[in-house]
Amino acid sequence: MKIDENTTVAVLLVAAGRGSRAATASDTSPKQYRTIGGVSVIARSIKVFQDHPRVGPVVAVIHRDDGAAFTEATGEAGRDVATVPGGATRQASVLCGLEHLASLPAPPDIVLIHDAVRPFVAPSVIDDVILALGDSEGAIAALPAIETLKTETENGHIAKTVPRAGVWSAQTPQGFHFAPILAAHRAAAESERSDFTDDAAVAEWYGAAVRLVAGNRDNVKLTTAGDLASADRRLKMEALMHMADIRVGSGFDVHAFVEGSEVILGGVAIPHDKRLSGHSDADVAMHAVTDALFGALGDGDIGSHFPPSEPEWKGAASRIFLEKAVSLVQERGGGIAHIDVTIICEAPKIGPHRDAIRESLAALCGLAVERVSVKATTTEKLGFTGRKEGIAAQATATIRLPFDDGAADG
Ligand code: MG
């Protein structure tokens, strides 16, 4: 078969297993629906193939009781995936999936059969399996055996050492020209053979030549509760490493009192016998927080992003400034870890409004309120704040950026 951009490639994800070996006391759901690193195993597997440019439809063979579990576990990724109820064995389930593909108006040229519990298959391995089908009816991802192999006696002793040269362990995906693998599976079912543990074994039995393609070591079959736990740990650690460029910025601002009836601090209006004067709404606390974020990003300050010379910012709600700084953190792929602001004035009293200010800033920054600190102090009647001429505020912001963000290399 000539493999080119017109070759159609379908994927059959085998996900009908009950996964009893992975059950824990608290979770007996099938392992393909468990979450590792915040995303279900099956959604990860689907996404690898959906993101692959050569792969067309993805079909999942699932247990007939698992429709709701599938929808819940796959969300957005699952919407374009047709599901087919499986059979009593893995082999029977694959045949159900193949018959579904055969019933389509245009069955695929090639089918890749993949265990849903192997979410770490490398895209390059998928490419290699597809390419190998250019001169072979079947091709599977596999790894050469690296450990010394033994067979055992009935009493648990070694019977003998098996030469490992030329011995491979089979992974998935296992790719086949569609028509012959369908014929092989149908013939196996008709012969009442139900003991094949992979699809290559069905093809071999049917007389097809199946090529071995080097798989990737990460492409493990998540089988036990321990496998799931260690994959979960690894993914969480990778996410943490990815956001390891931690930066702290500081901000400082002052606004003077003029005649008025309230001040706005951190987006909260506080009754007072004066107001703060400024080009915008003069929210001195929010300005300090915003400049702290710009500082953490190393990206100018409020004045450079919103020049006071431009009349459109006159009387503007300061939340516009803060929202801009927050969106710049997000655009860099980062997140805010913590905000700490100190408001410096003799009056008004901040204490009664502290929680409202925390909640207001937390909402604007997309943070839990526990990650926002608001403190207040006087200056013991010293200086301009002591003379009640205005309010000062200083803030620090801690943000996390991706470790590969340019300047991290320096
Ligand atoms: Mg200001």
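Above this text you will find the structure in question.
Everything numeric here is computed off the predicted structure, so don't read it as measured data.

**What about the packing of aromatic side chains?**
- A full pass over the atoms with the stated rule returns two aromatic pairs.
- Ring centres of F306 and F321 lie 4.5 Å apart, and the angle between their planes is 40°; this geometry places the pair in the tilted category. Taken together, the positions of F306 in the loop between helix 9 (302-305) and helix 10 (319-331) and F321 in helix 10 put the pair 15 residues apart, joining distant regions of the chain.
- You can call F321 buried: its relative accessible area is 4%.

**A few points about the sheet that holds strand 6 (residues 110-115)**
- Strand order across the open sheet formed by seven strands is 5-4-1-6-10-7-11, with mixed pairing between neighbours. Pairing within the sheet leaves two strands with one partner each, and these edge strands are strand 5 (82-85) and strand 11 (210-214). Going across the sheet, the axis of each strand differs from the next one's by a mean of 30°, ignoring polarity.
- In this sheet, strand 10 (residues 168-177) lies alongside strand 6 in antiparallel orientation, the contact comprising four bridges.

**Examining unusual backbone geometry**
- The residue after T172, namely P173, is reached through a cis peptide bond having omega 10°.
- Its location among the elements puts P173 in strand 10.
- The residue after A347, namely P348, is reached through a cis peptide bond having omega 0°.
- The phi angle at A282 is positive, at roughly 60°, despite the residue not being glycine.
- By the element assignment, A282 lies in the loop between strand 15 (274-276) and helix 8 (284-297).

**Considerations on the nonpolar core**
- L265 and L293 are the most contacted members of the largest nonpolar core, which has 47 residues in total.
- Elements represented by at least two residues in this core include exactly strand 13 (262-265), strand 14 (268-271), helix 8, helix 10, strand 16 (335-344), helix 11 (354-365), strand 17 (372-377) and strand 18 (390-401).
- Counting residues per element, this core draws most heavily on helix 8, at 10 residues.
- In contact with L265, not counting residues within four places along its chain, are I270, L276, D283, V284, A285, I343, I350, I357 and I391.
- One finds V9, L13, I110 and I130 within the second-largest nonpolar core, a separate group that totals 32 residues.

**Section: the layout of surface pockets**
- Estimated volume of the second largest pocket: approximately 180 Å³.
- Around the second largest pocket sit 13 residues that line it, and H279, I302, F306, P308 and F321 are the ones nearest its centre.
- Put simply, the parts of the chain that give the lining of the second largest pocket at least two residues each are helix 8 and helix 9.
- A class-by-class count of the residues in the lining of the second largest pocket yields six nonpolar, five polar and two charged.

**Structural notes on the pattern of salt bridges**
- According to the stated counting rule, one finds 16 salt bridges in the structure shown.
- Salt-bridge contacts for K47 lead to D51; the nearest nitrogen and oxygen are separated by 2.7 Å.
- Residue class for K47 comes out partly exposed when judged on its relative accessible area of 44%.
- D51 gets classed as exposed once you look at its relative accessible area, which sits at 52%.
- One salt bridge in this structure joins E76 and R79, with 3.3 Å as the shortest N-O distance. Each of the two residues, E76 as well as R79, counts as exposed.
- Residues joined in a network through salt bridges with shared partners are R90, D115, R118 and D199.

**Some details on helix 6 (residues 199-206)**
- Taken as a whole, helix 6 has its buried residues at D199, A200, A201, V202 and A203.
- In this structure, the buried side of helix 6 is in contact with helix 3 (90-102), strand 6, strand 7 (138-144), strand 10, helix 5 (178-190) and strand 11.
- Its side-chain oxygen placed 2.9 Å from the backbone nitrogen of A201, D198 serves as the N-cap of helix 6.

Conventions used here
Numbering of residues starts from 1 in every chain and runs along the sequence as written. Per-residue local features are limited, in this predicted model, to residues with pLDDT of at least 70; the limit for side-chain atom pairs, both in listing and counting, is 80 or more; totals at the level of whole chains, interfaces and linings are taken over all residues. To obtain the side-chain values, all non-hydrogen atoms of the structure were included, while hydrogens and water were left out. For this analysis, a ring pair means two rings from Phe, Tyr or Trp (six-membered ring only for Trp) whose centres lie within 6.5 Å, classed as stacked if their planes differ by under 30 degrees, edge-to-face if by over 60, and tilted for the remaining angles. Secondary structure elements follow DSSP: runs of H or I of four or more residues count as helices, runs of E of two or more count as strands, with numbering from the N terminus. Here's how the labels work: a residue is buried when its accessible area is under 20% of the maximum for its type, exposed when over 50%, partly exposed in between, all with a 1.4 Å probe on protein chains only. Strand pairing follows a simple DSSP-based rule, namely that at least 2 bridges must link the two strands. To get an axis, a line is fitted to the C-alpha atoms, and for a helix only the part in contact is used. The angle between two axes follows their N-to-C directions and goes from 0 to 180 degrees. Think of a nonpolar core as a cluster: buried Ala, Val, Leu, Ile, Met, Phe, Trp, Tyr and Cys residues, connected wherever their side-chain atoms sit within 4.5 Å. A contact between two residues is defined here by any heavy atoms of the two lying within 4.5 Å. Here the term cavity refers to a set of points on a 1 Å grid, laid over the protein atoms alone, in which a 1.4 Å probe fits but cannot get out; the term pocket refers to an open set having protein on both sides within 12 Å along at least five of seven lines, with lining residues being those that place an atom within 4 Å of a point. Grid points are joined across faces, edges and corners, and a volume is the space filled by probe spheres set on the points. Note that Gly is not counted as nonpolar here; it falls among the polar residues with everything else outside the nonpolar set of Ala, Val, Leu, Ile, Met, Phe, Trp, Tyr, Cys and Pro and the charged set of Asp, Glu, Lys and Arg. A pair is scored as a salt bridge if a Lys or Arg side-chain nitrogen falls within 4 Å of a carboxyl oxygen belonging to Asp or Glu. N or O atoms within 3.5 Å of each other form a polar contact, as long as, within protein, one can give a hydrogen and the other can take it, and as long as residues adjacent in sequence are counted only when both atoms are side-chain atoms.

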